[in-house]
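Residue-level structure breakdown
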Amino acid sequence: MTVASAAKYLKKSRGWAENVLQQFEEQGNVDFSEDRGPDRATTDKEDLQMVKLATRGKPKTTEEISQIMSNKGVSVSRWTVGRRLREQGLRFGALLKKPLLTKPHIEKRLLWAKENLDRDWTRVIFTDESTFALNCQVTRAWQKRGNPSVYRSVKHPPKVNVWGCFSAKGFGELVIIPGILESQKMILIYTDGLLPSARQFYGTRNKNWYLLEDNDPKHRSKLCKSWKEENGVKVMDWPAQSPDCNPIENVWGLMKARLRQRKIVSKFGLIRAIKEEWRALEVEYAEKLAQSCARRCQAVLANNGDWIPY
């Protein structure tokens, strides 16, 4: 094994590995005394202060944390700050994008979680709409300094709007939505997508199931409400600003990740790929998502109504 391979295997730098080999050649051992290397620039207490600054309140960069520590009389570089935070298991990455929750939002989320904590989630059909854009690839790559790679994109790429549903018994119909979705088209989706899926999941005459959909104005229109009442569709109450409580959002995220791995060159090809990925979803995955709803309710309660990491 080369020095570089050994260092990589031990997750150390090559310089560290070379120092170990040099000590072994000179002293015949690889014992490290406690005073080996330079003195640590910060104390354990100061390390804890930096962790608190990084994890509490408004997000801060290592430069900002370094400046705050300097104002407290602790001279520490931003590179040292980064090392201390990584030692504590932190990493620097993109923030999760979550909706802003007002007090009424939080109260409704708490009430919803309490009411549905013991619900039989196998009797719920989860539905939602989503948009898939053509050629939405990952736009980050390794590049040489001074010679950046160029990613060509169009301003308004072709998009495909879809409606989908699933229950603990599997995935139902996927409906491609032509043009702009409005109430009349929503009725067609209920007729051609929701009802056939319900018959697939629970049988032809079984009405013992609930529809879960968000508070989109189209879903709450007089036309759609009237249709659901006439067809005996029972709708679950839904708290506003709560995509983290609907497991079908996980399905859309998985499908978009899979589509990014495929080479798609046309809108027709995108539609075909979406249908293929939808058919490839497994019943076990649907069952796990439905089972997660009880845990989501518990998480909402434990987090005092705030967003949950789902």
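Residues numbered from 1 in each chain as written. Predicted model: local features only at pLDDT ≥ 70, side-chain atom pairs only at ≥ 80, totals over all residues. Heavy atoms only, no water.

Considerations on the pattern of salt bridges
Put simply, the test is: What makes a salt bridge here is a side-chain nitrogen of Lys or Arg within 4 Å of a carboxyl oxygen of Asp or Glu, nothing more. Partly exposed residues are those whose accessible area sits between 20% and 50% of the maximum for their type, while under 20% is buried and over 50% is exposed, using a 1.4 Å probe and protein chains only. Secondary structure follows DSSP: runs of H or I at least 4 residues long count as helices, runs of E at least 2 residues long count as strands, and numbering of each begins at the N terminus.
Within this structure, the stated rule accounts for 11 salt bridges. One salt bridge connects Glu213 with Arg220, and the closest N-O pair in it is separated by 3.6 Å. Take Glu213: its relative accessible area is 1%, and that puts it in the buried class. Across the pair Glu276 and Arg262 runs a salt bridge whose closest N-O atoms are separated by 2.5 Å. In this pair, Glu276 sits in helix α10 (residues 267-280) while Arg262 sits in the loop between α9 (248-260) and α10, placing the two residues 14 residues apart along the sequence. Overall, the relative accessible area of 31% leaves Glu276 in the partly exposed class.

Regarding the nonpolar core
Keep this limit in mind: As used here, the term nonpolar core means buried Ala, Val, Leu, Ile, Met, Phe, Trp, Tyr and Cys residues forming a set that is joined through side-chain atoms within 4.5 Å.
If you look at the biggest cluster of nonpolar residues, it comprises 35 residues, and the most contacted ones within it are Trp121, Val251 and Ile274. Where this core is concerned, the elements lending two or more residues are α6 (103-116), β1 (124-133), β2 (159-167), β3 (170-177), α9, α10 and α11 (283-302). No other element matches α11, which puts 6 residues into this core. Core analysis: the next-biggest nonpolar cluster, separate from the first, contains 20 residues, Trp163, Ile177, Leu194 and Cys224 among them.

Regarding helix α5 (residues 78-87)
The condition is simple: Between two residues, a contact is recorded if the distance between any of their heavy atoms is within 4.5 Å.
Every buried residue belonging to α5 is among Thr80, Val81, Gly82, Arg84 and Leu85, and all of these are buried. Buried-residue contacts for α5 involve α3 (44-55) and α4 (62-71). Positioned one or two residues after α5, Gly89 has a phi angle of 85 degrees, which is positive.

So, α6
Since one α-helical turn is 3.6 residues long, residues separated by three or four positions face the same way. Note the threshold: One less than the number of residues in a helix, times 1.5 Å, gives the span that helix is expected to have. Note: the arc covers the axis-to-C-beta directions of the helix.
Along its 14 residues, α6 runs 20 Å from first to last C-alpha, staying within 8% of the 20 Å computed at 1.5 Å per residue. Among all positions of α6, only His105, Arg109, Trp112, Ala113 and Asn116 are buried. Looking down the long axis of α6, one finds its buried residues gathered within 100 degrees of arc, a one-sided arrangement. The exposed residues of α6 that point more than 90 degrees off its buried face are Lys103, Lys114 and Glu115. Tucked inside the fold, the buried residues of α6 contact α11.

Remarks on a nonpolar patch on the surface
Convention followed: Like-charged residues are merged into a patch within 9 Å and nonpolar side chains (Val, Leu, Ile, Met, Phe, Trp, Tyr) within 5 Å, provided each residue has over 30% relative accessible area and no salt bridge. Each accessible area is a Shrake-Rupley result for a 1.4 Å probe, and residues are judged covered by the shown protein chains and nothing else.
On the surface, Met1, Tyr9, Leu10 and Trp16 cluster together into a nonpolar patch covering about 540 Å² of accessible area. Secondary-structure assignment places Leu10 in helix α1 (residues 3-10). The exposure class of Leu10 is partly exposed, given its relative accessible area of 48%.

A word on unusual backbone geometry
Its identity is not glycine, yet Lys11 carries a phi of approximately 60 degrees, on the positive side. Along the chain, Lys11 falls in the loop between α1 and α2 (14-27). Residue Lys11 is classed as exposed on the basis of its relative accessible area of 77%. The backbone of Asn304 shows a phi angle near 55 degrees, a positive value even though the residue is not glycine. On the secondary structure map, Asn304 appears in the segment after α11.

Brief notes about the packing of α3 against α4
Rules: To get an axis, fit a line to the C-alpha atoms, keeping to the stretch in contact for a helix; angles then go from 0 to 180 degrees between the N-to-C directions. Here roughly perpendicular refers to angles of 65 to 115 degrees, roughly parallel to angles under 35, roughly antiparallel to angles over 145, and oblique to all remaining angles. Crossings are assigned a handedness: left-handed for a near helix turned anticlockwise from the far helix by less than a right angle, right-handed for a clockwise turn. Following the grouping adopted for this structure description, the nonpolar residues are Ala, Val, Leu, Ile, Met, Phe, Trp, Tyr, Cys and Pro, the charged ones are Asp, Glu, Lys and Arg, and the polar ones are all others, Gly among them.
Remark: α3 packs on α4, axes separated minimally by 10 Å, with the N-to-C direction vectors making an angle of 130 degrees. Comparing their axes, α4 and α3 come out oblique. The two elements α3 and α4 meet at a crossing, and its hand is right-handed. For the pair formed by α3 and α4, the contact residues are Glu46, Gln49, Met50, Leu53 and Ala54 on the first element and Ile65, Ile68 and Met69 on the second. Its residues assigned to classes, the contact of α3 with α4 comprises 6 nonpolar, 1 polar and 1 charged.

Digging into the sheet that holds β2
Definition in use: We treat two strands as partners when DSSP finds at least two bridges between them.
Spatially, β3-β2-β1-β4-β5 is the arrangement adopted by the 5 strands of the open sheet, whose pairing is mixed. The open sheet has two edge strands with one neighbour each: β3 and β5 (234-235). In this structure, strand β4 (residues 210-212) lies alongside β5, joined through 2 bridges in parallel fashion. When the bridges of β5 are listed, Tyr210 appears paired with Lys234.

So, the packing of aromatic side chains
The cut-off we apply is this: In this scheme Phe, Tyr and Trp rings, the latter by its six-membered ring, pair at centre separations within 6.5 Å, and the angle between planes marks the pair as stacked below 30 degrees, edge-to-face above 60, and tilted otherwise. In this analysis the charged atom, NZ for Lys or CZ for Arg, is taken to sit over a ring once it is within 6 Å of the ring centre and within 35 degrees of the ring normal.
Per the counting criterion, the structure on display carries 11 aromatic pairs. With centroids separated by 6.2 Å and ring planes inclined at 15 degrees, the aromatic side chains of Trp121 and Phe126 adopt a geometry described as stacked. Considered together, Trp121 and Phe126 belong to a single accessibility category, that of buried residues. With a centroid separation of 6.0 Å and 75 degrees between ring planes, the pair formed by Phe201 and Tyr202 is classed as edge-to-face. Each of the two residues, Phe201 as well as Tyr202, counts as buried. Site record: aromatic cluster; members linked through ring pairs are Trp112, Trp121, Phe126, Phe132, Phe166, Phe171, Trp238, Trp252, Trp278 and Tyr285. The ring centre of Trp16 lies 5.4 Å from the NZ or CZ of Lys12, which sits over that ring.

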